[in-house]
Amino acid sequence: MADSTRGAGIRLDGVSKHYPKSIALDNVSLDVKAGEFMTFLGPSGSGKTTTLNLIAGFTELTTGSVTIDGKLMDNVPVHKRELGIVFQHYALFPHLTVLDNVTFPLGRRRVPKAKAKELALAALATAGLKGYEDRFPKELSGGQQQRVALARALVFEPRVLLLDEPLGALDKKLREQLQLELRRVHQEVGRTFVFVTHDQEEALTLSDRIAVFNEGRIEQVGTAQDLYERPASRFVAEFIGESTVIENADNSTVTVVRPERGELYADENQVPAGQPAIRVHVRQAIYLGSGWKFEIVLPGGEVGVVRSNSQLNWLSGDNSTAVLSWNPALAPSLAA
Ligand SMILES: Nc1ncnc2c1ncn2[C@@H]1O[C@H](COP(=O)(O)OP(=O)(O)OP(=O)(O)O)[C@@H](O)[C@H]1O
């Protein structure tokens, strides 16, 4: 099990970053626990990288403060923050072998050569690269190069690792494989990981908790289950997983019905007593192997999705209308 005492906690308090023509980050506060795998998730331009850069010290704050391991980071330069950093394109030194790339940060910290080699070999083994020590970066695949970058970021045993879309340049299959490896490495080393992605599946796979960014603010922080089952806003509900969003009659609230919570009936009489009933048009039935997925259109034209284990044979032919219902206890209502 991960030993969380090896990781450092991070606190952002009222952090903003203003540029002359835009506000990249607007009064963000967040606590990352020691040893946690925290993911920053959000669309392009929502402020994820800016936040990571403020933690690293690459960017200066406009307001607020960053605290790492209880120490205020005002005026603490990047290299004194002792953070491991992995970017999407973290250029390795092309003229150095894998082993020399990984020992490099230790040389700068004046670690004796024999000890540096021992630590580098251990970091390479953790990153799944045993046996590749003598290769040069150009002799490695993209995924292997990112493993070297990971080993180099881990080798001096930083208490925090910052990872900015490290898997972004890899194809889907490799990406999924490395996601699982990254999870394993996180548990093995017990450090705090702060990971940036715009891929919600990646966030759900990897994280202890996820901070959802939108337009320079954090909309919600929670476990994957919190965000899915109890989204705090319509934005979170629509960004995480699939849903049918129903605007309630008063226009001030919306109900979020997840695909597996939605029920389709042939007519109103079949709907369980006390449950809502909305007549919908079923636009498509898609076979998923594990069941069926129905794309529905609500009376207002909004599109939603319902999953079912059965094909709903009564829908065949020209009859493409159905009644959508759900158990209100299992579908959260939110401010619109
Ligand atoms: N150096 C800069 N000068 C001016 N504006 C900037 C600068 N860096 C970032 N911004 C702006 O700040 C906002 C947030 O950018 P940021 O890079 O943090 O977003 P992001 O969520 O990481 O996006 P992506 O997923 O595309 O990397 C954007 O609107 C961006 O245009």
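Above: the structure in question.
Presented here is an overview of the structure given in this document. (Residues numbered from 1 in each chain as written. Predicted model: local features only at pLDDT ≥ 70, side-chain atom pairs only at ≥ 80, totals over all residues.)

Attention now moves to the overall build of the protein chain. The helix and strand inventory of the protein chain stands at eight helices and 18 strands. In terms of overall dimensions, the protein chain has C-alpha extents of about 80 × 45 × 40 Å along its principal axes. Of the contacts formed within the protein chain by residues at least 6 apart in sequence, a portion of 64% connects residues at least 24 apart. (Helix = DSSP H or I, 4+ residues; strand = E, 2+ residues; numbered from the N terminus. Contact = placed C-beta atoms within 7 Å.)

Moving on: the sheet that holds strand β11 (residues 244–247). With respect to topology, three strands assemble into an open sheet ordered β11-β12-β18, the strand pairing being antiparallel. Single-partner strands in this sheet number two, and they are β11 and β18 (333–335). Looking at each pair of strands side by side, their axes are set apart by 30° on average, direction ignored. Here strand β12 (residues 253–257) pairs with β18 via three bridges, running antiparallel. Counterpart to Thr253 in the pairing with β18 is Ala335. (Pairing = 2+ DSSP bridges. Axes fitted to C-alpha atoms, helices over the stretch in contact; angles between N-to-C directions.)

This part covers the site of the ligand. As a structural note, the neighbourhood of the ligand is formed by 13 residues, with Tyr19, Ala24, Ser44, Thr49 and Thr50 the closest of them. Secondary-structure elements contributing two or more residues to the shell around the ligand are β2 (22–32) and α1 (48–56). Looking at the shell around the ligand, the element that brings in the most residues is α1, giving three residues. Split into classes, the residues belonging to the shell around the ligand amount to three nonpolar, nine polar and one charged. (Near = placed C-beta within 6 Å. Nonpolar A, V, L, I, M, F, W, Y, C, P; charged D, E, K, R; others polar.)

All right, on to the environment of Ser252 then. If you trace the backbone, Ser252 turns up in the loop between β11 and β12. Placed 84 residues apart in sequence, Ser252 and Ala336 show a C-alpha to C-alpha distance of 5.2 Å. Discounting residues that sit within four places of it in the chain, Ser252 has contacts with Ala335 and Ala336.

The next thing to look at is helix α3 (residues 113–126). Taking 1.5 Å of rise per residue, 14 residues should cover 20 Å, and α3 covers 20 Å from first to last C-alpha, within 8% of that figure. Among all positions in α3, only Ala116, Leu119, Ala120, Ala123 and Leu124 are buried. Take α3 and look down its axis: the buried residues cluster within an arc of 135°, on one side only. Away from the buried face of α3 by more than 90 degrees, exposed residues Ala114, Lys115 and Ala125 are located. (Expected span 1.5 Å × (residues − 1). Buried ≥ 20, exposed ≤ 12 C-beta atoms within 10 Å, placed from the backbone. Arc of directions from axis to C-beta.)

Moving on: the sheet that holds strand β4 (residues 63–68). An order of β2-β1-β4-β5 is seen for the four strands of this open sheet, with the pairing classed as antiparallel. The outermost strands of the open sheet, each flanked by one partner alone, are β2 and β5 (71–72). Sheet analysis places strand β1 (residues 10–19) next to β4, joined by five bridges and oriented antiparallel. Paired with Arg11 across the strands is Thr67, a residue of β4.

What follows deals with unusual backbone geometry. For residues that are not glycine, phi is negative in most cases, and the peptide bond is trans in most cases. Residue Asn75 is not a glycine yet carries a positive backbone phi of 65°. Inspection of the secondary structure assignment puts Asn75 in the loop between β5 and β6 (83–87). On the basis of neighbour counts, which here come to 7 C-beta atoms within 10 Å, the residue Asn75 falls in the exposed class. If you check the backbone angles, Glu215 has positive phi at about 50° while not being a glycine. Along the chain, Glu215 falls in the loop between β9 (209–214) and β10 (217–222). Its 15 C-beta neighbours within 10 Å are what place Glu215 among the partly exposed residues.

Helix length check: helix α5 (residues 172–189), at 18 residues, gives a terminal C-alpha distance of 25 Å against a target of 26 Å (1.5 Å per residue), a fit within 8%. Among the residues of α5, those classed as buried are Leu178, Gln179, Leu182, Val185, His186 and Val189. The arc that holds every buried residue of α5, seen down its axis, measures 130°, which confines them to one face. Residues Lys173, Leu180 and Arg184 are exposed on α5 and point more than 90 degrees away from its buried face. Looking at the packing, one finds that the buried side of α5 touches β3 (37–41), α3, α4 (142–154), β8 (192–197) and α6 (200–206). A positive backbone phi angle near 65° is found at Gly190, which sits one or two residues after α5.

A separate point is the packing of helix α2 (residues 98–108) against α3. Taken N-terminus to C-terminus, the directions of α2 and α3 make an angle of 120°; their axes are 9 Å apart at the nearest point. The angle between the axes of α2 and α3 places the two elements in the oblique class. In this structure, the crossing between α2 and α3 has a hand that is right-handed. For the pair α2 and α3, contact is made by Val98, Leu99, Val102, Thr103, Leu106 and Gly107 and by Ala116, Lys117, Leu119, Ala120, Ala123 and Leu124, respectively. The residue inventory of the contact of α2 with α3, partitioned by class, reads nine nonpolar, two polar and one charged. (Parallel < 35°, antiparallel > 145°, perpendicular 65-115°, else oblique. Left-handed = near helix turned anticlockwise from the far one by under 90°.)

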